Amino acid sequence: MSDGERRDMGSKLSFGRGRPGRTAVTLPDCDVPLAEMPSPSLLRDDLPLPEMSQPEIVRYFTNLACLNYSVDTGFYPLGSCSMKYNPKLHEDLARLSGFAQVHPLQPIETVQGALALMHELQGFLAEITGMHAVSLAPAAGAHGELTSILTVRAYLEHRGESRHKVLVPDSAHGTNLATVSTAGFQCLPIASDARGNTDLAALAEALDEDVAALMLTLPNTLGLFDQNIVQIAQMVHETGAQLYCDGANLNALLGQVKIGDLGFDVVQMNLHKTFSTPHGGGGPGAGPVAVKAHLAPFLPSPFVGQAANGAYVFEEPEHSIGKVGAFHGNFGIMVRAYAYIRSLGAPGLREVSENAVLNANYLLACLREAYDLPYERRCLHEVVFSGSRQRAKGVHTSDVAKRLIDYGFHPPTVYFPLIVDEALMIEPTETESKETLDAFCEAMLVIAREAEEEPELLRSAPHDAPLRRLDEAAAARHPVLRWQREDQA
Ligand SMILES: *Cc1c(COP(=O)(O)O)cnc(C)c1O
């Protein structure tokens with residue numbers, strides 16, 4: 001596509017392209033008697049649909065699709081999102097008709113293969129996390145968080161305890177705070193110390209018999225492993241509270257350390273991040289929850305168990321919090337995760353985390369001269385820089401991000417975590433080659449130079465995109481969700 005065409009794609013919807021009388025398909029004459037519609041109100045002939053020929057509509061949507069930036073088209077270092085490459089093998093397996101066509105209301109004896117897969121996946125995830133039991137029910141990371149905290153709440157209530165506070169370090173993922181309030185708890189932030197760990201003095205101060213749990217993101221959103229985790233677990237348990245791990249970014253830890261061994265009672269995972277499912281744009285995900293034995297009776301239903309005769313069955317944990325969604329969770333995501341785990345095996349999973357951490361530290365080493373590094377230590381799966389040096393030249397982190405688009409890269413996560421000024425949160429993932437990382441670093445270094453010498457170039461970026469700077473705040477506050485004909489606008 002030429003630049004002009006690209007811009008045209010962004011500016012003109014299909015509605016503005018139709019010509020009266022054009023059609024994409026011509027239907028044969030009807031050869032049966034016409035029947036009345038049950039309700040004529042169902043028929044509307046005043047819909048302002050565009051009238052286009054088939055080649056026009058095919059080209060329109062194909063060209064629109066070409067504007068998409070995706071993991072399959074380029075490097076996507078969006079911090080905390082694990083936008084890794086997803087092997088196509090898993091897509092083939094998820095599309096096998098025995099998996100893709102299975103219906104949740106089928107008689108259970110006809111879906112034993114699907115249940116065997118779920119049962120085995122529960123076992124794999126328990127082994128990987130060092131936990132006792134796994135629920136596959138939650139449909140996203142945040143949903144897994146909520147499920148975890150509701151499970152903790154049910155456990156505490158069962159013990160006759162009414163604890164109403166949940167502690168969340170300021171380096172936690174933002175969804176943790178939403179989880180706490182949705183679950184009906186009071187959220188208390190805990191500061192981080194100068195090394196990016198949870199501040200132990202602040203934690204000791206906050207821990208009392210009203211605290212139900214500490215929600216710790218590990219690695220935290222600074223991409224750092226909390227070095228005091230064993231001591232933290234001890235402190236939390238001494239007050240009778242539960243320790244929860246936001247394990248969405250488990251690609252940093254696979255095969256290296258078990259969450260359960262560190263002292264956590266409950267962890268949620270993001271299958272769509274760590275275990276290879278295409279995601280982004282709100283697509284389907286899965287956020288399984290793994291727990292120690294004392295929390296297992298409170299997990300949501302259904303839970304896949306095995307009867308004495310070997311048949312797979314749905315079980316209801318004894319004091320289950322009930323259902324957290326329709327049917328049995330996002331099965332297609334489970335198939336992909338199962339395929340990922342089986343195809344890599346234990347050595348392969350260990351290599352995933354080794355390479356994820358190696359790649360992030362490679363970026364750290366290549367870029368630290370040009371960008372400020374707020375925490376002087378090795379990172380795990382992602383590295384967080386600060387754009388404060390560039391801001392002193394009048395260039396903001398958002399300008400750096402927009403300029404990366406001109407160089408053909410998806411920008412990293414920006415302005416998060418909140419505790420880093422002008423944050424640039426970069427997660428390369430394990431699936432990228434050294435050449436790709438080098439090309440990205442080169443672009444970042446050129447941009448750092450441009451910030452010194454030609455800041456205006458950055459402030460007006462992107463120069464080479466179908467749309468330039470969008471007013472993101474207005475787009476969120478005043479969304480235009482309904483198309484209006486130009487003559488009526
Ligand atoms: C992505 C992420 C979440 C939220 O997961 P969703 O599937 O988007 O709901 C929670 N915590 C962390 C650390 C994450 O990276």
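A.B. asks: Can you walk me through empty space enclosed by the protein in this structure?
C.D. replies: Remark: the empty space left among the atoms is shown by a probe the size of a water molecule rolled over them. On inspection of all chains with the given rule, the structure shows three cavities of 30 Å³ or more. The calculated volume of the largest cavity comes to roughly 60 Å³. Around the largest cavity, the lining residues are Leu222, Leu224, Leu364, Leu373, Tyr375, Arg377, Cys379, Val383 and Val384. Considered class by class, the residues forming the lining of the largest cavity number eight nonpolar, no polar and one charged.

A.B. asks: Would you mind showing me how to read the pairing of strand E9 (residues 312-315) here?
C.D. replies: For a regular strand, side-chain orientation follows a simple rule: the groups alternate between the two sheet faces. Note that strand E8 (residues 303-306) and E9 share four bridges and pair antiparallel. Considered in E9, the bridge of Gln306 is made with Tyr312. Once E8 ends, the chain turns through five residues before running back antiparallel as E9, passing Gly310 with a positive phi of about 95 degrees.

A.B. asks: Help me understand the packing of aromatic side chains, please; the structure alone is not making it clear to me.
C.D. replies: For any pair of aromatic rings, geometry is given as the distance between the ring centres together with the angle between the planes. One pass over the structure, following the stated rule, counts 10 aromatic pairs. Members of the aromatic cluster, connected to one another through ring pairs, are Phe75, Phe409 and Phe440.

A.B. asks: I would appreciate a short explanation of the site of the ligand in the present structure.
C.D. replies: As a matter of local geometry, the ligand sits amid 14 residues, with Ser80, Gly141, Asp246, His272 and Lys273 nearest to it. In this structure, Ser80 approaches the ligand through a side-chain N or O atom, which is 2.8 Å from an oxygen atom. Contact between the ligand and Asn270: an oxygen atom at 3.0 Å from a side-chain N or O atom of the residue. Among the elements that make up the shell around the ligand, the one with the highest residue count is helix H6 (residues 141-158) (three residues). Its residues assigned to classes, the shell around the ligand comprises three nonpolar, eight polar and three charged.

A.B. asks: I tried to follow the nonpolar core on my own but got confused; where do I start?
C.D. replies: Side chains that are nonpolar tend, in soluble globular proteins, to be buried together. In terms of nonpolar packing, the biggest core is built from 59 residues, with Leu125, Ile259, Phe264 and Phe275 touching the most fellow members. Sorting the residues of this core by element identifies helix H5 (112-129), helix H8 (200-206), strand E4 (211-217), helix H9 (229-238), strand E5 (242-247), strand E6 (266-269) and helix H11 (331-367) as the ones contributing at least two each. Viewed by domain, this core spans two of them, domain 2 (89-343) and domain 3 (351-475), each represented by three or more residues. With residues up to four places along the chain from it excluded, the contact list for Phe264 reads Met131, Leu216, Leu218, Ile229, Leu243, Tyr244, Cys245, Ile259 and Lys292. In this structure, Leu224, Val383, Phe385 and Cys441 belong to the second largest nonpolar core, which totals 33 residues.

A.B. asks: Can you help me understand the pattern of salt bridges in this one?
C.D. replies: Side chains that differ in sign of charge can pair as their charged atoms come close. The full count for this structure, using the stated rule, is 22 salt bridges. Of the charged contacts, one joins Glu161 and Arg163 as a salt bridge, the two residues approaching to 2.5 Å between their closest N and O atoms. Here Glu161 matches Arg163 in class, with each residue buried. Residues Asp208 and Lys165 are paired through a salt bridge, measuring 3.0 Å at the closest nitrogen-oxygen approach.

Basis of the calculations
Here the residue numbering is sequential within each chain, running from 1 through the sequence in written order. Side-chain atom pairs in this predicted model are given and counted only at pLDDT of 80 or more, local residue features only at pLDDT of at least 70, and totals for whole chains, interfaces and linings cover all residues. Note: side-chain values were computed over all heavy atoms of the structure, leaving out hydrogens and water. Only protein atoms enter the 1 Å grid, on which a cavity is a set of points fitting a 1.4 Å probe that cannot get out and a pocket is an open set with protein on both sides within 12 Å along at least 5 of 7 lines, lining residues being those with an atom within 4 Å of a point. Grid points are joined across faces, edges and corners, and a volume is the space filled by probe spheres set on the points. Residue polarity is assigned by list, with Asp, Glu, Lys and Arg as charged and Ala, Val, Leu, Ile, Met, Phe, Trp, Tyr, Cys and Pro as nonpolar; anything else, Gly included, falls into the polar class. For two strands to be treated as a pair, DSSP must find at least two bridges joining them. Where helices and strands are cited, they refer to DSSP runs of H or I of at least four residues and of E of at least two residues respectively, numbered from the N terminus. Ring geometry is summarised as follows: Phe, Tyr and Trp rings, the Trp one being its six-membered ring, pair when their centres sit within 6.5 Å, and such pairs are stacked at plane angles under 30 degrees, edge-to-face over 60 and tilted between the two. Think of it this way: one heavy atom of a residue within 4 Å of a molecule or strand is enough to make that residue near it. Each polar contact in these results corresponds to two N or O atoms within 3.5 Å; when the atoms are within protein, one needs to be able to donate a hydrogen and the other to accept it, and residues that are neighboring in sequence are counted only if both atoms are side-chain atoms. Take the buried residues of types Ala, Val, Leu, Ile, Met, Phe, Trp, Tyr and Cys, join any two whose side-chain atoms come within 4.5 Å, and each joined set is a nonpolar core. Three exposure classes are used, based on accessible area relative to the maximum for each residue type with a 1.4 Å probe and protein chains only: buried under 20%, partly exposed in between, and exposed over 50%. Domain boundaries shown here were taken from an automatic or database domain assignment. Here, residues are in contact when the closest pair of their heavy atoms is within 4.5 Å. Salt bridge criterion: a side-chain nitrogen from Lys or Arg within 4 Å of a carboxyl oxygen from Asp or Glu.

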